Every structure is written in structure tokens, then in C-alpha cells.
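Listed below are the residues making up each chain.
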Amino acid sequence: MDKAKPVLALVAHDNKKPEMAVWAASHKERLSLFNLVGTGHTAKLVQDATGQPVKAYLSGPMGGDQQIGAAIAEGQIQAVFFFWDPLSSQPHDPDVKALMRIAAVYDIPFATNEATAIALLSYLATH
């Protein structure tokens, strides 16, 4: 990772992973300004879609959400892009809420859908 670049975390629930990959591919130029990390399969999909390296943590249900939360607490992540599925029950919902909570505690921007992700990425890329 380039230590001079800010770090963005990319996470997506199963039903939103294709949407995340398409979004990342369409914004790969702006995403190239950042180091990227992500949970399990999402990291691989984004890496394949953008051609940019994405550091992969564990899958969300296996602890990846907590790993990203720990990285936030350690000051290593500047924003989170979490395409969550509001219409499906998630067995690891407490983990997701914990990630959202730690992001709020540390005042980390947290985009939960494509519209917010576009706005946040546009802002971060120009500031």
C-alpha cells in the first residue's frame, strides 16, 4: 500500500456485491487515488473489476467487519463504502451495527448505497 494515499473500505452484502463491482468499475479512476481494503469476496470482486489491488480481510460473517472496525479505531481507514441489503435478513447484523457504530464514534464517513457512495467519493477525490 502507498502510505501517502488515504484508505477506503469496501463492503457489500451478498445481494449487493454485483452492484459494488459495477460501481467500482465505473469509478476506477477516482478509486485509484486511494488504497482499497475490503471484506472477503467483495475485495476480490472490486479488484477484478478495477484492476487495482484491494487488501482483503476476512468475510464479514467470519470477522471482516470487526477487522475493518479495528482498522478504523487505529486511524487506518478514512471512509467506508458499505452497500448493505436493507431487504434481506443478515445473520451477522450485530457485526454490521458494530461497524457502523465505530465509524460514527470516530467520525468516519459511511456510505450505504450507490448514490451516497458517488457523492462521498466525489468529495474525497477533490479534497
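See above for the structure.
Just so you know, the residues in each chain are numbered from 1, in the order the chain's sequence is written. Reporting in this predicted model follows two pLDDT cut-offs: at least 70 for local features of residues, and 80 or more for side-chain atom pairs to be given and counted; totals over whole chains, interfaces and linings ignore these cut-offs and use all residues. Calculated side-chain values reflect all of the structure's heavy atoms, with hydrogen atoms and water omitted.

**What about the sheet that holds strand 1 (residues 7–12)?**
Read from one edge to the other, the open sheet built from five strands follows the order 3-2-1-4-5, with strand pairing classed as parallel. In this open sheet, the two strands that pair with only one neighbour each are strand 3 (54–57) and strand 5 (110–111). Only strands joined by at least two bridges in the DSSP assignment are considered to pair. The secondary structure listing takes helices from DSSP runs of H or I that are at least 4 residues long and strands from runs of E that are at least 2 residues long, numbered from the N terminus.

**Re the packing of helix 4 (residues 64–73) against helix 5 (residues 93–105)**
Each axis is a line fitted through C-alpha atoms, and for a helix only the stretch in contact is used; angles between axes span 0 to 180 degrees, taken between their N-to-C directions. Direction vectors running N to C along helix 4 and helix 5 enclose 10°, while the axes themselves pass 9 Å from each other. As far as their axial angle goes, helix 5 and helix 4 are roughly parallel. On helix 5, the residues that touch Asp65, Gln66, Ile68, Gly69 and Ile72 of helix 4 are Asp95, Val96, Leu99, Ile102 and Ala103. A breakdown of the residues in the contact of helix 4 with helix 5 according to their chemical character gives six nonpolar, two polar and two charged. Any angle that falls under 35 degrees is termed roughly parallel, while one over 145 is termed roughly antiparallel, one within 65 to 115 roughly perpendicular, and all others oblique. Contacts between residues were defined by any pair of non-hydrogen atoms, one from each residue, lying within 4.5 Å. Gly is put with the polar residues, along with every residue not named as nonpolar or charged; the nonpolar set is Ala, Val, Leu, Ile, Met, Phe, Trp, Tyr, Cys and Pro, and the charged set is Asp, Glu, Lys and Arg.

**Digging into the nonpolar core**
Each nonpolar core is a collection of buried residues, namely Ala, Val, Leu, Ile, Met, Phe, Trp, Tyr and Cys, held together in the definition by side-chain atoms within 4.5 Å. Categorising residues by exposure relies on relative accessible area from a 1.4 Å probe, with only protein chains included: less than 20% of the type maximum marks a residue as buried, more than 50% marks it as exposed, and the intermediate range marks it as partly exposed. With 20 residues, the main nonpolar core has Leu8, Met20, Trp23, Leu36 and Phe81 as its most contacted residues. Elements supplying a minimum of two residues to this core: strand 1, helix 1 (17–26), helix 3 (40–50), strand 4 (79–83) and helix 6 (114–126). The next biggest cluster of nonpolar side chains, apart from the first, holds 17 residues, and it includes Val11, Ile72, Ile102 and Phe110.

**Some details on the environment of phenylalanine 81**
For phenylalanine 81, the location among the structural elements is in strand 4. Residues phenylalanine 81 and aspartate 95, 14 residues apart in the sequence, show an inter-C-alpha distance of 15 Å. Among all residues touching phenylalanine 81, those that are not within four sequence positions of it are Leu8, Ala9, Leu10, Val11, Met20, Trp23, Ala111, Ala117, Leu120, Leu121 and Leu124.

**Some thoughts on unusual backbone geometry**
Of note in the backbone geometry, aspartate 107 takes a positive phi value of approximately 60° without being a glycine. If you trace the backbone, aspartate 107 turns up in the loop between helix 5 and strand 5. A relative accessible area of 68% means that aspartate 107 is categorised as exposed.

Function-wise, these values are silent; they only describe arrangement.
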